[in-house]
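So the chains spell out like this:
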Amino acid sequence: MINYREFWGLKQTPFEAIADPDFFFESHAHGEALARLLYFVGDRGMGMAALTGEIGAGKTMTLNALKRRLPPDLYVMVEIRNAALPFEDILRHLNAGLQPERGVGGPASRYDLLQEFQRLAQERIARFGRHCLLIIDEAQMLDAQTTDGLRTLTNFNEPGRAAISIILAGQPEMKTMLRDLPQVYQRVGLFYHLDWLRREELWPYLLRRMTVAGAANPEVFSADCIEPLYQFSKGCPRQINRICKLAVDRACLLREPVIQGGLVELIISDFERQHA
């Protein structure tokens, strides 16, 4: 059986469900989100940022693009993907990120963990003119006590500068959660809701994906693919990727050099039937 990467002349697969920043597409929404986050991080004094978006909107991809843009000699980045943790465990991961040679562990009490963070902020960050960026994904899972604990970290300031900035990324209900905690809400210097792709951005999105993947001819989707893809996905990148991954594979099996709208419609129909 022919390998579809060979058939399309691909160096890598174009529609995998991984947030590889090589594939970051600067749509209107995603480009704006990245620009605002870069401003937030560069300011170093805005405390906390909240990035919300529906499932599959591309929050993690945007954060990965952000991390790639930040010079490692100026920023220490710590990322926590499991937000369903008590504040003490988040502190342990944060402190471990500031001293990776030691690993996760250290003091047991909140007070001692905060003291350790303050020491590390001075020894590993402020002394070298660096800044700590803590990124918490799936932050809608944070409980109120942990969220308030994160707020206290923004109180740690070195002379003339803040020691840490925090980005919370989560589903739209996260904003309601933060609003219900006014002492935290007032520390959030940036809110941004990440929308899905616009209809007119779908074709450039597909083209970029195929181009980055190294396709011999990136224009493998015909123009009549756009409408069924948009009607199905409403512009959600994850949903677009799910259908397009199946489409490039199916077209390869059929030895079709161009993916037609009819094939995409059949795949969508089958997908919806199987997931009903």
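Residues numbered from 1 in each chain as written. Predicted model: local features only at pLDDT ≥ 70, side-chain atom pairs only at ≥ 80, totals over all residues. Heavy atoms only, no water.

> Explain the overall build of the protein to me, using residue names and the numbers behind them.
Check the secondary structure of the protein and you find 12 helices and seven strands. For the protein, the spread of C-alpha atoms along the three principal axes comes to 65 × 35 × 30 Å. Long-range pairs, those at least 24 residues apart, make up 74% of the contacts in the protein with a sequence separation of at least 6. In the structure as shown, the protein presents an accessible area of about 13,000 Å², 51% of it carried by carbon and sulfur atoms. Positive and negative side-chain charges in the protein, numbering 32 and 34 respectively, have mean positions lying 4 Å apart. (Helix = DSSP H or I, 4+ residues; strand = E, 2+ residues; numbered from the N terminus. Contact = heavy atoms within 4.5 Å. Areas by Shrake-Rupley, 256 points an atom, 1.4 Å probe, with all protein chains shown as cover. Lys, Arg positive; Asp, Glu negative; His and termini not counted. Charge placed at Lys NZ, Arg CZ, Asp CG, Glu CD.)

> Could you give an account of the state of the cysteines, naming the residues involved and the relevant values?
This model, assessed by the stated rule, comprises zero disulfides. Here cysteine 252 is not cross-linked by a disulfide; its sulfur's nearest cysteine counterpart is in cysteine 244, at 15 Å. (Disulfide = S-S within 2.5 Å.)

> Tell me about the layout of surface pockets, residues and numbers included.
Computed from the structure, the largest pocket encloses a volume of approximately 500 Å³. Lining the largest pocket are 26 residues, with Ala19, Gly56, Gly58, Met61 and Arg238 sitting closest to its centre. Residue assignment for the lining of the largest pocket shows that the elements contributing at least two residues are α3 (59-69), α9 (202-212) and α11 (237-253). For the lining of the largest pocket, the residue count by class is 12 nonpolar, eight polar and six charged. (1 Å grid on protein atoms, 1.4 Å probe; cavity = no way out; pocket = protein on both sides within 12 Å on 5 of 7 lines; lining within 4 Å. Points joined across faces, edges and corners; volume = space filled by probe spheres on them. Nonpolar A, V, L, I, M, F, W, Y, C, P; charged D, E, K, R; others polar.)

> Which residues make up the pairing of strand β6 (residues 164-170), and what values go with them?
Counting buried positions along β6 yields seven of seven residues, so the element is predominantly enclosed. Of the two faces of β6, the one lined by Ile164, Ile166, Leu168 and Gly170 and the one lined by Ser165, Ile167 and Ala169 are each fully buried. (Buried < 20%, exposed > 50% of the residue type's maximum accessible area, 1.4 Å probe, protein only.)

> Lay out the nonpolar core in plain terms, naming residues and giving numbers.
In this structure, Trp8, Ile167, Leu206, Phe221 and Ile259 are the most contacted members of the largest nonpolar core, which totals 56 residues. For isoleucine 259, the contacting residues outside a window of four places in its chain are Trp8, Val220, Phe221, Ser222, Cys225, Ala247, Val248, Ala251 and Val264. Listed in part, the 36 residues of the second largest apolar core include Phe87, Ile125, Ala139 and Leu142. (Core = buried A, V, L, I, M, F, W, Y, C linked by side-chain atoms within 4.5 Å.)

> Talk me through the side chain of threonine 146; I want residue IDs and the actual numbers.
With respect to the helices and strands, the residue threonine 146 is situated in helix α6 (residues 144-153). With relative accessibility at 1%, the residue threonine 146 sits in the buried group. Leave out the neighbours within four places in its chain, and threonine 146 touches Leu85, Pro86, Phe87 and Ile90.

> Which residues make up unusual backbone geometry, and what values do they have?
Phi is mostly negative for residues that are not glycine, and the peptide bonds are mostly trans. The phi torsion at arginine 44 lies on the positive side, around 65°, for a residue other than glycine. The residue arginine 44 is located in the loop between α2 (28-43) and β1 (48-53) in this model. On the basis of relative accessible area, arginine 44 is assigned to the buried category, the value being 17%. One non-glycine residue, arginine 255, lies in the positive phi region at around 55°.

> Account for the packing of aromatic side chains, with residues named and values stated.
For the structure shown, the criterion picks out six aromatic pairs. Aromatic pair phenylalanine 15 and phenylalanine 221: ring centres 6.0 Å apart, planes at 90°, arrangement edge-to-face. Of this pair, phenylalanine 15 sits in the loop between α1 (4-8) and α2 while phenylalanine 221 sits in the loop between α9 and α10 (226-233), and the two are 206 residues apart along the sequence. Centre to centre, the rings of phenylalanine 232 and phenylalanine 271 are 5.6 Å apart; their planes meet at 85°, and the pair counts as edge-to-face. One end of the pair, phenylalanine 232, is in helix α10; the other, phenylalanine 271, is in helix α12 (residues 261-274), with 39 residues separating them in the sequence. Relative accessible area serves as the criterion here: at 14%, phenylalanine 232 is assigned to the buried category. For phenylalanine 271, a relative accessible area of 11% corresponds to the buried category. (Phe/Tyr/Trp six-rings, centres within 6.5 Å; stacked < 30°, edge-to-face > 60°.)

> I'd love a proper account of the sheet that holds strand β3 (residues 131-136), names of residues and values included.
In space, the five strands of this open sheet follow the order β2-β3-β6-β1-β7, with parallel pairing throughout. Looking at strand neighbours, the two that pair on one side only are β2 (75-80) and β7 (188-194), the edges of this open sheet. Direction aside, neighbouring strands of the sheet carry axes that sit 15° apart on average. With five bridges joining them, β3 and β6 adopt parallel strand pairing. When the sheet's bridge partners are listed, cysteine 132 is paired in β6 with isoleucine 164. Sheet strands touched by α2: β1, β2, β3, β6 and β7. Its angle to β7, the strand with the most contacts, is close to 165°. (Pairing = 2+ DSSP bridges. Axes fitted to C-alpha atoms, helices over the stretch in contact; angles between N-to-C directions.)

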